[in-house]
Amino acid sequence: MNLDNKDLKDLFALADEIGKKRYHKLTPQDLEDYRQFDRWRYIDGNYKCGTTAVSQQWARENSDWHCPVCGAKFATVGGRTIDHKLPRAQYPWLSLDFRNLWVICQPCNQEKGERHWYEYEHYMFIYHRDRYADIQLFRPRELLKSLKARK
Ligand SMILES: [Zn+2]
């Protein structure tokens, strides 16, 4: 399957459709996945990224010294954060799906907020056109393929 721009919107419509269906039929396993992420990433509700040894390690292995969005050195902008490409509020069962995670800096994470990936790409295209091509490289292609296959 070729995930180019023209079918991006269709894929997100599909992801939303699946998301909404699941959202209204949340299973105990969905909520457990959500809690597992908190246990993996945070200890004692500390929202600093990677407060467990395992998640710290993961964040280091999945980033270099610079934020892939803004290019700032992590050390100068408050460190690494682990963000969900498809937001947890909408996709709790993808909380701990590693294809849905990426490492970005605190200010970029805040700016992205609860935007869906498609909305985020659109936002970057409008407000940060110079970074748009970089963002596209991080599109969750494998995850979208799996959502499509599940339907
Ligand atoms: Zn950044």
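As recorded in an unreviewed UniProt entry, the chain goes by HNH endonuclease and comes from Almyronema epifaneia S1.

Draft legend 1. Local environment of the overall build of the chain. If you tally the helices and strands in the chain, you get seven helices and two strands. Counting from the amino terminus, helix and strand elements in the chain follow one another as α-α-α-β-β-α-α-α-α. Residues classed as buried in the chain amount to 44% of the 151 residues present. Excluding contacts between residues fewer than 6 apart, the proportion of contacts in the chain whose partners are at least 24 apart in sequence is 63%. With an accessible surface of roughly 8,600 Å², the chain has 53% of that area assigned to carbon and sulfur atoms.

Draft legend 2. Quick look at the coordination of the zinc ion. Binding of the zinc ion to the protein goes through Cys67 (SG), Cys70 (SG), Cys105 (SG) and Cys108 (SG), at separations of 2.2 to 2.3 Å. Geometry at the zinc ion is tetrahedral, judged from the four donor atoms that bind it and their angles of 105 to 113 degrees at the metal.

Draft legend 3. Structural detail: the packing of aromatic side chains. Per the counting criterion, the structure on display carries eleven aromatic pairs. Taken together, a centroid distance of 5.1 Å and an interplanar angle of 70 degrees make the contact between tryptophan 102 and tryptophan 117 edge-to-face. With tryptophan 102 in strand S2 (residues 101–105) and tryptophan 117 in helix H5 (residues 117–127), this pair connects stretches of sequence that are 15 residues apart. Residue tryptophan 102 is classed as buried on the basis of its relative accessible area, which comes to 4%. Judged by relative accessible area, tryptophan 117 falls into the buried class, the value being 0%.

Draft legend 4. Molecular detail of the environment of methionine 124. Among the secondary structure elements, methionine 124 is positioned in helix H5. With a relative accessible area of 1%, methionine 124 lands in the buried category. The spacing of methionine 124 and lysine 112 is twelve residues in sequence and 9.2 Å in space, taken between C-alpha atoms. Residues within four places of methionine 124 in sequence aside, it is in contact with Val69, Arg129, Arg131, Tyr132 and Ile135.

Draft legend 5. View of the nonpolar core. With 31 residues, the main nonpolar core has Val69 and Leu86 as its most contacted residues. Taken together, the elements giving at least two residues each to this core come down to helix H1 (5–23), helix H2 (28–41), helix H3 (53–61), S2, H5, helix H6 (132–136) and helix H7 (141–150). Here the element with the most residues in this core is S2; it accounts for five residues.

Draft legend 6. The pattern of salt bridges, seen in detail. Inspection of the entire model under this criterion finds seven salt bridges. In this structure, aspartate 97 engages arginine 99 in a salt bridge whose closest nitrogen and oxygen atoms are separated by 2.8 Å. Given the relative accessible area of 37%, arginine 99 is considered partly exposed. One continuous salt-bridge network, built from bridges that share partners, spans Glu32, Arg35 and Arg39.

Draft legend 7. Focus on the pairing of strand S1 (residues 80–84). Of all five residues making up S1, four are buried, and the element is well covered by its neighbours. Where S1 lies against S2, five bridges are found, and the strand directions are antiparallel. Looking at the pairing, threonine 81 lines up with isoleucine 104 of S2.

Conventions adopted
Residues numbered from 1 in each chain as written. Predicted model: local features only at pLDDT ≥ 70, side-chain atom pairs only at ≥ 80, totals over all residues. Heavy atoms only, no water. Helix = DSSP H or I, 4+ residues; strand = E, 2+ residues; numbered from the N terminus. Buried < 20%, exposed > 50% of the residue type's maximum accessible area, 1.4 Å probe, protein only. Contact = heavy atoms within 4.5 Å. Areas by Shrake-Rupley, 256 points an atom, 1.4 Å probe, with all protein chains shown as cover. Donors = N, O, S within 2.8 Å, 3.2 Å for Na, K, Ca; no water. Tetrahedral: all angles 85-135°; square planar, octahedral: opposite > 155°, others 65-115°. Phe/Tyr/Trp six-rings, centres within 6.5 Å; stacked < 30°, edge-to-face > 60°. Core = buried A, V, L, I, M, F, W, Y, C linked by side-chain atoms within 4.5 Å. Salt bridge = Lys/Arg side-chain N within 4 Å of Asp/Glu carboxyl O. Pairing = 2+ DSSP bridges.

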